[in-house]
Amino acid sequence: MRSRLISFLLLLTCSQLFAQLKSPDEFLGYQLGSKFTPHYKIVNYFHQTALAMPQMMKLEKYGETNEGRELLLAIVSTPENMARLDDIRKNNLRLTGILKDKAADITAPVIVWLSYNVHGNEASSSEVSMKTLYELLNPSNAQTKNWLKNTVIIIDPCLNPDGRDRYVNWFNQVVGKNADANPNSREHSEPWPGGRLNHYNFDLNRDWAWQTQVETQGRVKKYNEWMPQIHCDFHEQGINNPYFFAPAAEPFHEVITKWQRDFQGVIGRNHARYFDSNGWLYFTKETFDLFYPAYGDTYPIYNGAIGMTYEQAGHSQGGLAVVTNDGDTLTLKDRIAHHFTTSMSTIEVASQNAAKLISEFKKYFDDAGANGVGEYKTYVVTENNAGKREALLKFFEVNGIKYGNVTGKALKGYNYFTGKEEIFNATNTLAVSAYQPKSALIKVLFEPKSKLSDSVTYDITAWSLPFVYGVQTFAVKEKIPVDNFSFKRYANLFSESAYGYLVNYESFADTKFLTALLNAKIKVRYAERDFTYKGNSYQKGTLIILKKGNEGKFSRFLELASEWEADASVLDGGFMDTGFDFGSEKVHMIKKPTVALLTGKGVNPNAAGEVWHLFEQQLNYPISLINADEVDGSALKNVDVLIVPDGSYKFLKEKDAGAEVKMWVQQGGKIIVMDNAASQLAKAEWGIKLKKGEEDDKKDDKKDDKNIYADVKRYENRERDGIVNNIPGAIYKVELDNSHPLAFGYNNSYYSLKLGSDLYEFMKEGWNVGIIKKENQAAGFVGSATREKIKDGTVIGVQQLGGGSIIFFADDPIFRSFWENGKMLLGNAVFLVGQ
Ligand SMILES: [Zn+2]
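What you are looking at is a predicted structure, and each value in this text was computed from that prediction instead of being measured. (Residues numbered from 1 in each chain as written. Predicted model: local features only at pLDDT ≥ 70, side-chain atom pairs only at ≥ 80, totals over all residues. Heavy atoms only, no water.)

(A) Seen up close, the overall build of the protein. Within the protein, the regular secondary structure consists of 26 helices and 33 strands. Over its C-alpha atoms the protein spans a radius of gyration of 29 Å, differing by no more than 12% from the 28 Å that the globule rule assigns to 835 residues. Projected onto the principal axes, the alpha-carbon positions of the protein cover approximately 85 × 75 × 60 Å. Per-residue burial for the protein yields a buried fraction of 58% across its 835 residues. Across the protein, contacts joining residues at least 24 apart in sequence account for 78% of those joining residues at least 6 apart. (Helix = DSSP H or I, 4+ residues; strand = E, 2+ residues; numbered from the N terminus. Rg over C-alpha atoms; globule rule 2.2 N^0.38 Å. Buried < 20%, exposed > 50% of the residue type's maximum accessible area, 1.4 Å probe, protein only. Contact = heavy atoms within 4.5 Å.)

(B) Representation of the sheet that holds strand β16 (residues 473-476). Pairing in this closed barrel of 4 strands is antiparallel, and the strands run β13-β15-β14-β16 around the ring. Averaged over all pairs of adjacent strands, the angle between their axes in this sheet comes to 50 degrees, without regard to strand direction. Those strands touched by helix α15 (residues 439-446) are β13 (378-381), β15 (420-433) and β16, and its axis lies near 55 degrees from that of β13. (Pairing = 2+ DSSP bridges. Axes fitted to C-alpha atoms, helices over the stretch in contact; angles between N-to-C directions.)

(C) Layout of the packing of helix α10 (residues 258-278) against helix α13 (residues 354-371). Where α10 contacts α13, the two axes come as close as 11 Å, and the packing angle between them is 155 degrees. Looking at the two axes, α10 sits roughly antiparallel to α13. Two packed elements cross with a definite hand, and for α10 against α13 that hand is left-handed. Each of Trp259, Gln260 and Phe263 in α10 lies in contact with α13, whose residues at this interface are Lys356, Leu357, Glu360 and Tyr364. Of the residues in the contact of α10 with α13, the class split is 4 nonpolar, 1 polar and 2 charged. (Parallel < 35°, antiparallel > 145°, perpendicular 65-115°, else oblique. Left-handed = near helix turned anticlockwise from the far one by under 90°. Nonpolar A, V, L, I, M, F, W, Y, C, P; charged D, E, K, R; others polar.)

(D) The sheet that holds strand β17 (residues 500-503), seen in detail. Judged by pairing direction, the sheet is antiparallel, and its 5 strands sit side by side in the order β22-β17-β21-β18-β23 without closing on themselves. Because the sheet does not close on itself, it has two edges, and the strands there are β22 (568-571) and β23 (587-589). On average, each strand axis in the sheet is inclined to that of its neighbour by 30 degrees, with strand direction left out of account. Relative to β22, β17 runs antiparallel, the two sharing 4 bridges. Bridge pairing links Leu502 to Ser569 in β22. Sheet contacts for helix α18 (residues 554-563): β17 and β21 (543-546); angle to β17, the most-contacted strand, approximately 25 degrees.

(E) Examining helix α5 (residues 85-96) more closely. In a regular helix each residue adds 1.5 Å, so 12 residues correspond to 16 Å; α5 covers 17 Å between its end C-alpha atoms and thus fits that length. Judged by how many residues are buried, α5 sits mostly within the fold: 9 of 12 residues are covered. By the burial criterion, the buried members of α5 are Leu85, Ile88, Arg89, Asn91, Asn92, Leu93, Arg94, Leu95 and Thr96. Immediately beyond the C-terminal end of α5, within one or two residues, lies Gly97, with a positive phi of roughly 90 degrees. (Expected span 1.5 Å × (residues − 1).)

(F) Main features of the pattern of salt bridges. Applying the stated criterion across every chain yields a total of 30 salt bridges. Across the pair Glu236 and Arg335 runs a salt bridge whose closest N-O atoms are separated by 2.8 Å. Taken together, the residues Glu236 in strand β5 (residues 230-237) and Arg335 in helix α12 (residues 332-352) connect sequence positions 99 residues apart. Across the salt bridge formed by Glu254 and Lys443, the nearest N and O atoms sit 3.3 Å from each other. Highlighted residues: Glu254 in the loop between β7 (249-252) and α10 and Lys443 in helix α15, separated in sequence by 189 residues. Residue class for Glu254 comes out partly exposed when judged on its relative accessible area of 40%. A single network of salt bridges, built from pairs that share partners, joins Lys58, Glu60, Lys221, Lys222 and Glu225. (Salt bridge = Lys/Arg side-chain N within 4 Å of Asp/Glu carboxyl O.)

(G) Structural view of the coordination of the zinc ion. Here the zinc ion is held by His119 (ND1), Glu122 (OE), Glu122 (OE) and His235 (ND1), and the distances to it run 2.0 to 2.4 Å. All donors to the zinc ion come from one chain, and their sequence spacing reads H-x2-E-x112-H. Just as His119 is buried, Glu122 falls in that class too. (Donors = N, O, S within 2.8 Å, 3.2 Å for Na, K, Ca; no water.)

(H) Structural detail: the packing of aromatic side chains. If you walk through the whole model with that rule in mind, you get 56 aromatic pairs. Arranged with centres 5.4 Å apart and planes meeting at 20 degrees, the rings of Phe531 and Tyr538 form a pair that is stacked. With a relative accessible area of 10%, Tyr538 lands in the buried category. Aromatic pair Tyr746 and Tyr750: ring centres 5.7 Å apart, planes at 85 degrees, arrangement edge-to-face. By relative accessible area, Tyr746 is classed as buried at 3%. (Phe/Tyr/Trp six-rings, centres within 6.5 Å; stacked < 30°, edge-to-face > 60°.)

(I) Structural detail: the pairing of strand β14 (residues 404-415). Of the strand pairs in this sheet, β14 and β15 are connected by 9 bridges, and their pairing is antiparallel. In the sheet register, Asn405 faces β15, and the bridge partner there is Leu430. Between β14 and β15, which pair antiparallel and follow one another directly, the connecting turn spans 4 residues, one of which, Gly419, has a positive phi of 75 degrees.

(J) Main features of the packing of α5 against helix α9 (residues 214-226). Running from amino to carboxyl end, α5 crosses α9 at an angle of 85 degrees, the nearest separation of the two axes being 7 Å. In terms of axis orientation, α5 runs roughly perpendicular to α9. Contact residues: Leu85, Arg89, Asn92 and Leu93 in α5; Asn224, Glu225 and Trp226 in α9. Residues that form the contact of α5 with α9 fall into these classes: 3 nonpolar, 2 polar and 2 charged.

(K) Up close: unusual backbone geometry. Geometrically, the link from Trp192 to Pro193 is a cis peptide bond, its omega value of -5 degrees lying close to zero. Tracing the sequence through the fold places Pro193 in the loop between α8 (161-174) and α9. The residue after Ala246, namely Pro247, is reached through a cis peptide bond having omega 0 degrees. Structurally, Pro247 can be placed in the loop between β6 (243-244) and β7. Unusually for a residue other than glycine, Asn201 sits at a positive phi of about 60 degrees. Of note, Asn201 is situated in the loop between α8 and α9.

These values are about where atoms sit, not about what they do.
What follows is the structure, given as structure tokens:
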């Protein structure tokens with residue numbers, strides 16, 4: 001009894017301790033900004049604060065990172081608002097038209113979402129998240145209590161905990177007793193790959209629309225449940241830059257409304273007031289543009305919000321203190337003060353303009369529902385390939401884009417693949433209507449040619465979904481009624497007594513199925529030509545699973561086929577109507593390859609991370625990561641395929657260092673080089689040759705009287721003049737030789753995201769599997785000088801080297817892992833080529 005009493009008293013004391021609201025300084029035991037706080041302590045602070053202030057704060061876990069760290073959202077408002085929080089959230093969805101159960105209340109509070117620390121080594125902002133939370137709850141801060149009456153604040157303390165801890169743990173290991181402000185000291189120079197990226201080296205601020213990463217998937221799901229009026233994404237930039245806040249720079253996408261532009265200005269002017277009174281430097285309207293749809297500012301903007309990027313100096317190099325170029329010392333405390341100021345100022349402006357923000361927000365969505373954004377009103381996906389269509393449907397679902405069926409005869413639409421208006425028919429065909437809440441986002445993602453208000457941009461300029469997913473689509477100017485969509489699954493007929501099975505191989509979903517079969521040790525073959533069996537025709541590359549060699553494994557095959565919804569059919573025998581019988585040497589067995597990837601110093605971390613993620617998380621296939629500066633004959637002893645992503649490689653630059661790798665290829669190894677790795681391999685004379693920019697020289701010779709002054713340029717135009725050589729990322733049609741296993745499953749063309757001007761000479765000995773001919777640019781911005789160069793060359797090729805092969809991609813086929821239609825190419829390179 002006595003012990004029970006003691007535990008009761010203990011519990012009481014503990015919960016009283018818990019119940020106390022503490023400032024970050026009190027809780028952490030050090031002054032905010034005097035050291036970097038590891039993620040778990042930030043998590044603890046949020047949990048304890050939620051316990052202390054349950055009437056004003058709700059804490060939700062929305063996911064876990066790859067390394068097992070918690071992803072959290074804190075929702076803060078007055079006790080009155082918190083008591084009806086779910087009503088507020090639902091009402092907000094009624095404003096957008098996503099929820100239609102009853103009319104929306106337009107006197108609702110405004111919702112402000114603050115996203116901290118998306119880039120892990122921009123580490124001041126998660127420190128700020130604690131201070132922001134505290135000041136919103138602090139009973140003695142009357143101002144914030146007043147703001148909360150008509151605002152709900154959503155705080156994400158850290159969007160990228162794995163990246164943040166990578167930075168913070170490293171920094172805490174290398175910093176001395178006192179911080180060293182000397183920018184050349186080691187604490188200002190992060191090791192590879194740096195803390196910016198997540199576990200798989202993805203830039204989470206390029207992933208909002210695509211949602212390839214677990215952090216983004218969890219966050220955007222929550223985002224779509226709330227649809228805030230204001231979203232702020234806190235960043236850091238180089239140590240010598242003044243603070244950047246809204247309004248953003250050109251180019252603005254044309255769907256951004258006048259209201260959205262103007263209100264950025266209102267917010268910026270409020271920030272400026274505080275920065276002016278403190279004498280702090282800042283800039284607006286430069287550098288950070290609003291165009292690419294997967295940023296933390298544009299994605300909210302295309303979802304009706306005022307989306308903004310705030311940039312403080314200090315990323316990666318900042319440490320606790322650093323001497324900048326102008327001789328000042330920038331401290332973590334300064335960085336916290338600036339980001340805290342814009343956090344508070346944003347909430348202040350939102351509260352002061354709550355009614356207007358709500359009414360404009362509603363108007364935005366009323367317009368979308370009534371008029372549809374853009375000239376095209378219905379996007380009709382006539383693609384037959386089920387795997388590709390399904391990947392697209394998943395994309396619609398995670399973005400809250402409604403889709404359905406259309407039927408119509410002799411419809412007129414823009415064919416993305418031919419670039420022309422054409423007549424087509426639709427029968428229960430997948431379609432997306434522009435008349436819906438996500439109309440602006442749909443327009444941005446589907447527009448055939450993105451219209452730039454200015455061409456100096458920070459990022460790629462083309463991402464049209466039909467090219468990304470490789471799906472035949474028509475953009476139609478008229479409104480076509482869209483019915484509920486019903487997706488027809490494959491109905492497979494299986495038989496245990498079968499001679500074997502055939503599985504269509506035509507999309508990345510089928511590559512995933514292939515790796516599942518290989519992992520299950522099921523023997524898979526493919527025919528190198530098309531064939532017909534019992535009157536049905538099958539394409540080259542069709543997967544052939546025979547009883548021979550797979551005795552006792554058919555039931556496992558059947559399980560996998562049904563799990564993957566593979567398009568399989570039964571074989572009763574091996575005699576084909578046309579094409580090779582399965583005993584032919586033109587029918588190849590797929591040997592399960594051992595795959596390695598080069599990584600580490602010198603390698604582009606994003607490019608390596610994409611391959612790592614593709615194998616581990618998408619193909620579920622083992623891959624060994626080898627440090628690039630340790631690659632030699634012994635490292636490759638048991639490796640069948642070596643993937644070399646974009647980067648700078650010693651073994652390609654120094655002859656001696658490369659000799660053993662070259663020998664490994666000559667003895668039967670397969671090396672896949674991409675992007676800069678391909679051009680370095682070409683320069684190292686392994687057998688492929690970069691095409692020279694002949695056009696440049698010719699142009700100089702032909703200079704006529706009119707442009708003899710072309711070299712005389714105005715200094716103030718230097719940024720604009722530079723872009724003639726620019727290719728920030730545009731879409732090109734690549735003609736494919738789909739009789740080569742590298743292009744199995746594709747038609748005779750493929751749309752590639754071209755990120756650089758590299759082209760290779762046509763090979764006489766090798767296979768020019770993907771080539772770019774004249775005027776093959778399909779979408780996006782390419783500078784005039786570069787456009788001249790990109791034609792008549794190879795961009796995807798295979799070259800024999802002794803007993804092995806080199807496969808090269810001039811560009812990254814799986815860019816940011818959103819370029820869905822390139823993934824099967826890389827899969828083919830690994831699993832089909834050279835078998
Ligand atoms: Zn950043």
